[in-house]
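# Structural overview
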Amino acid sequence: MPSKISGATPPENLTPQQSSGPKVNKVATNDVTASLKAGFSDFLARPLMSGFFGLFYAVFGILFVWSLVSLGMIWMVIPAMIGFPLVAPFAAAGLYEMSRRLHKNESFGWSDILTVMANQSRREMGWMAFVTLFVFWVWMYQIRLWLAIILKDASFSDFDGFLNTVLFTTEGWIFLAIGTCVGAILSAVLFSVTVVAMPMLLDRETDFVTAMLTSIRVVTENPVVMLGWAAIISLTMLVSLAPAFLGLIFTLPVLGHTTWHLYQRAVPPVEG
């Protein structure tokens, strides 16, 4: 019996076209070097405004550690200081916007940058903030877990007692080894999903899942270079914590501006 359905003949290829996401470029060591130079140049172009974001981040870190000490959570001070740089990508959102405007030769003031940052709460950046803070929470919780399992009989009445237990006992060495391994895994995961996702969300209209997947692709397609960039960030941030977090006033802005320029090299702009 002939079909009663009429109309145009359907196309032979019925496979839906799926978007593979933004294109990802190959980056080399010279891209990192050039991005660092551009980041330093951005810092010098607006040192007070850039330094403000570094100062805000440093003051928040000082207050965070002070709160732990006041609550008697001495054993959480070092883990908090080591894990604190995990939230740096979100803290650098204002720096990304500054670099974006400097790159386009746009004039801007305090209100322009702060307004853009405030508006991010109504966009996908809020979800990325959740991801970042969640990983930081996992970092802090796993430290507390290993403390309870490995150092359950230890007493931390003061900071010196904590250091003596961790640095000069077998249990302390086991605690440091496990904590370091878990921390390295968490840091690698967070770096992979945020290294270009944060500036990408600020730069274009996209969802946070696409931004994270693009960030992962940048890392997986440029593993050696991105590993080197991760090492630069980690070492710089940890050294900056030594002088009571104050080194962050300079290093956070430079690293934030640099991240923007590296993102520009790793993810081509939207055509049209």
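Anything mentioned here points back to the structure above.
For clarity, every value in this text was computed on a predicted model and none was experimentally measured.

Each value, and the rule that gives it
- Residues numbered from 1 in each chain as written.
- Predicted model: local features only at pLDDT ≥ 70, side-chain atom pairs only at ≥ 80, totals over all residues.
- Heavy atoms only, no water.
- Salt bridge = Lys/Arg side-chain N within 4 Å of Asp/Glu carboxyl O.
- Helix = DSSP H or I, 4+ residues; strand = E, 2+ residues; numbered from the N terminus.
- Buried < 20%, exposed > 50% of the residue type's maximum accessible area, 1.4 Å probe, protein only.
- Phe/Tyr/Trp six-rings, centres within 6.5 Å; stacked < 30°, edge-to-face > 60°.
- Lys NZ or Arg CZ within 6 Å of the ring centre and 35° of its normal.

Quick look at the pattern of salt bridges now. Counted by the stated rule, this structure contains 3 salt bridges. The residue Arg265 makes a salt bridge to Asp31 at a minimum N-O spacing of 2.8 Å. Taken together, the residues Arg265 in helix α13 (residues 248-266) and Asp31 in helix α1 (residues 29-45) connect sequence positions 234 residues apart. Relative accessible area serves as the criterion here: at 36%, Arg265 is assigned to the partly exposed category. In this structure, Arg100 engages Glu97 in a salt bridge whose closest nitrogen and oxygen atoms are separated by 2.9 Å. Of this pair, Arg100 and Glu97 are both found in helix α5 (residues 93-103), 3 residues apart, which corresponds to roughly one turn of the helix. The buried category is assigned to Glu97, whose relative accessible area is 2%. Through salt bridges with shared partners, a single ionic network connects Glu97, Arg100 and Arg101.

This model, assessed by the stated rule, comprises 11 aromatic pairs. Here the aromatic cluster, defined as three or more aromatic residues joined through ring pairs, consists of Trp127, Phe130, Phe134, Trp137, Tyr141 and Phe208. Sitting over the face of the ring of Phe108, Arg46 holds its NZ or CZ atom 4.2 Å from the ring centroid.

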